[in-house]
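Report on the structure
Below, each chain spelled out in residue letters.
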Amino acid sequence: MNQIKKSATLIISSAIQKSVNNFNYKVMLLKRNSRMRTAPNFHVYPGGKYDEAIDESLNWLDVFFFSRDLEKIKSNPKLLRKIYFNDLINNNSIGSLENKQTNNSLSIPLELSYRLCAIRETFEETGLLLAMKKHKLDTQAKLYSSYFKENINEIKDWHKIIKRDSSKFVDMFLEMNIIPDVFGLHEWANWITPAHEKIRFNTFFFMCFLHDVPSNDWLDINTDEIDSLEVKLFCLFH
């Protein structure tokens, strides 16, 4: 049996000012290039392989928390799930599906790490960074997501670095003093590639909703993987 690889995918829905054919949003699609091993020339949502070393790195605690809260968490790891990420965990099923983590260990909750994977892969492929300034942390789930609209040149520089070395993703947040907007990502589905396929993935799909369609200024596609990026009128439930 082929080994099943973990992955995360993000369906990005952007509101538009005026409805067209009863649609009031657009969805981002990427066309994979013909050189890709998996799904060449297919239109796909942003996403990719889960990387435990990056997506479960304890350095994310320094990204999300100020020193006072971080000290509390390190002395009592249960707080991470019971208080700080309680809303995210209780409203999702990833942890129960994966079933490997306990409240007693200091580790990044899977409900968080899979979202970090989806945000990371989206940034690598499109240059769109779902993030917000670091301030007093509000860990409640929210309807809309935020994409970062400041320091465009700095973000583009980081995009070039991270395309070469994904492990630098967490460093970008620490350097820029921003946090990934995981709280606006909503769990949508969990799909596993059929057993007869040579390459198989266990993929968690998330949805996020933006207040507007990102302009080309904030997009910078990874041409090593993607031929084109399209934001189309599209209905997921038609």
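So, here's what we can say about the structure. (Residues numbered from 1 in each chain as written. Predicted model: local features only at pLDDT ≥ 70, side-chain atom pairs only at ≥ 80, totals over all residues. Heavy atoms only, no water.)

Further remarks concern the overall build of the protein. Counting its regular elements, the protein contains 9 helices and 9 strands. In the protein, which comprises 238 residues, the proportion classed as buried is 47%. Within the protein, residue pairs in contact and separated by at least 24 positions form 72% of the contacts whose partners lie at least 6 positions apart. By element, 47% of the accessible surface of the protein is carried by carbon and sulfur atoms, the whole surface being about 12,300 Å². (Helix = DSSP H or I, 4+ residues; strand = E, 2+ residues; numbered from the N terminus. Buried < 20%, exposed > 50% of the residue type's maximum accessible area, 1.4 Å probe, protein only. Contact = heavy atoms within 4.5 Å. Areas by Shrake-Rupley, 256 points an atom, 1.4 Å probe, with all protein chains shown as cover.)

Phi at Asn-151 is positive, roughly 50°, even though this residue is not glycine. Within the secondary structure, Asn-151 is located in the loop between β5 (131-133) and α8 (152-164). A residue is classified by how much of its surface remains accessible, and Asn-151, at 40% relative accessible area, is partly exposed.

Here helix α7 (residues 110-126) is 17 residues long and its end C-alpha atoms lie 24 Å apart, about the 24 Å a rise of 1.5 Å per residue gives. With 17 of its 17 residues buried, α7 lies for the most part within the structure. Positive phi appears at Gly-127, one or two residues downstream of α7, with a value of about 80°. (Expected span 1.5 Å × (residues − 1).)

Here we come to the packing of aromatic side chains. With the rule as written, the count across this model stands at 14 aromatic pairs. Ring centres 5.8 Å apart and planes at 90° place the aromatic pair Phe-64 and Phe-85 in the edge-to-face group. With Phe-64 in helix α2 (residues 59-64) and Phe-85 in the loop between α4 (78-84) and α5 (86-90), this pair connects stretches of sequence that are 21 residues apart. Taking the centre distance of 5.8 Å and the plane angle of 70° together, the rings of Phe-65 and Phe-85 count as edge-to-face. Placement of the pair is Phe-65 in the loop between α2 and α3 (67-75) and Phe-85 in the loop between α4 and α5, with a sequence separation of 20 residues. Residues Phe-65 and Phe-85 agree in their burial class; the two are buried. (Phe/Tyr/Trp six-rings, centres within 6.5 Å; stacked < 30°, edge-to-face > 60°.)

The next thing to look at is empty space enclosed by the protein. Scanning the model with the defined rule gives 1 cavity of 30 Å³ or more in all. Roughly 50 Å³ of volume is contained in the largest cavity. In terms of lining residues, the largest cavity is bounded by Gly-127, Ile-152, Ile-155, Lys-156, His-159, Asp-217, Trp-218, Leu-219 and Asp-220. Among the residues making up the lining of the largest cavity, the classes are represented as 4 nonpolar, 2 polar and 3 charged. (1 Å grid on protein atoms, 1.4 Å probe; cavity = no way out; pocket = protein on both sides within 12 Å on 5 of 7 lines; lining within 4 Å. Points joined across faces, edges and corners; volume = space filled by probe spheres on them. Nonpolar A, V, L, I, M, F, W, Y, C, P; charged D, E, K, R; others polar.)

With that out of the way, let us pick up the nonpolar core. Looking at soluble globular proteins, one finds that nonpolar side chains tend to be buried together. Counting 55 residues, the largest nonpolar core has Phe-64, Phe-85 and Leu-129 as its most contacted members. Residue contributions to this core peak at 8 residues, all from α7. (Core = buried A, V, L, I, M, F, W, Y, C linked by side-chain atoms within 4.5 Å.)

Summarising the element assignment, Lys-6 is placed in strand β1 (residues 4-20). The exposure class assigned to Lys-6 is partly exposed, which follows from its relative accessible area of 23%. Between the alpha carbons of Lys-6 and Tyr-114 there is a distance of 9.2 Å; along the sequence they are 108 residues apart. A polar contact is formed between the side chain of Lys-6 and the side chain of Glu-52, at a distance of 3.4 Å. (Polar contact = N/O pair within 3.5 Å; in protein donor to acceptor, adjacent residues only side chain to side chain.)

What follows concerns the side chain of Ser-107. Of note, Ser-107 is situated in the loop between α6 (94-98) and α7. Ser-107 sits in the buried class, given a relative accessible area of 16%. A polar contact is formed between the side chain of Ser-107 and the side chain of Arg-81, at a distance of 3.1 Å.

Taken as a whole and assessed by the stated rule, the structure comprises 7 salt bridges. Note that Arg-120 and Glu-121 form a salt bridge whose closest N and O atoms lie 3.1 Å from each other. Lys-133 is the partner of Glu-150 in a salt bridge, and the nearest nitrogen-oxygen pair spans 3.4 Å. Residue Glu-150 is found in the loop between β5 and α8, and its partner Lys-133 is found in strand β5; the two are separated by 17 residues along the sequence. Classification of Glu-150 by relative accessible area gives partly exposed; the value is 37%. According to the relative accessible area criterion, Lys-133 is partly exposed, its value standing at 46%. If you follow the salt bridges from partner to partner, you end up with Asp-55, Arg-120, Glu-121 and Glu-124 in one network. (Salt bridge = Lys/Arg side-chain N within 4 Å of Asp/Glu carboxyl O.)

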